[in-house]
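Structural features, examined
Here is what each chain is made of, one letter per residue.
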Amino acid sequence: MAAGAEEDAAAAAPAAFAPAADSPLVRWLRRLIERRTEPGELKVSFQGRPSADEGLQVLADLLPDDLTSLEVELPASSQPSDDGVKVLLDRLEQQTGLVAFGMRCNMCAELTGGTLQAVSAMLANHLDLTDLLLDFSMCAKVGDDGLAAIGKFLGDRAGEPPEEGEAAADAELEG
């Protein structure tokens, strides 16, 4: 790769999030992880947090190895982006033993179908997954491409042709 192309690639890459090791965000997430009531389970809500993207990066860095269940809530006020969510999903792809996953987003203006496509790709690596909760209520930019990806994932998991899986996902969303 030529030097100019490397610089262009670096400029196009999402900015790295690097809060200080003793920042309130890092301390908060460490406390959540340390005070889990159920081993292997973790629930994180970014309600009242100004930047979910920074929090998702820190969460990805701090994920415990024994994690079997993760539920993340991303309210619109935390302003999550596709890039921020993908940082966490990339880390979860490497995680072993995940059997339950949930992500709730409500009116997140920046999340697109790309987020659901990334969720589908991450979930495909977790064959033992038994519990799935996805709620992207009123996220206006999450369109048909994201729903089709989730439908395909659900159809593949159920052994159905993709069209039937997409219909099942649509029915779940409408119900």
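In this text, all values refer to a predicted model and were calculated from it rather than measured experimentally. (Residues numbered from 1 in each chain as written. Predicted model: local features only at pLDDT ≥ 70, side-chain atom pairs only at ≥ 80, totals over all residues. Heavy atoms only, no water.)

**A closer look at the overall build of the chain**
Rule in force here: A run of H or I in DSSP counts as a helix once it spans at least four residues, and a run of E counts as a strand once it spans at least two, with each numbered from the N terminus. Here, residues are in contact when the closest pair of their heavy atoms is within 4.5 Å. Accessible surface area values rest on a Shrake-Rupley calculation with a 1.4 Å probe, where residue burial reflects the displayed protein chains alone.
Along the chain, the regular secondary structure elements total seven helices and four strands. Secondary structure elements of the chain, listed N to C terminal, follow the sequence α-α-β-α-β-α-β-α-β-α-α. Contacts in the chain between residues far apart in sequence, at least 24 positions, make up 78% of those at least 6 positions apart. Summed over its atoms, the accessible surface of the chain is roughly 9600 Å², and 51% of this surface lies on carbon and sulfur atoms.

**Focus: the sheet that holds strand S4 (residues 131–137)**
The condition is simple: Two strands pair under a simple rule: DSSP has to find at least two bridges between them. In this analysis, axes come from line fits to C-alpha atoms, helices being fitted only over the stretch in contact, and the angle between any two N-to-C directions falls in the range 0 to 180 degrees.
A sheet is described by the order of its strands in space; here four strands give the open sequence S1-S2-S3-S4, paired in parallel fashion. Each having just a single partner strand, strand S1 (41–45) and S4 make up the two edges of the open sheet. This sheet shows a mean twist of 5° between the axes of neighbouring strands, independent of strand direction. Here seven bridges tie strand S2 (residues 69–75) to strand S3 (residues 100–106), and the two strands are oriented parallel to one another.

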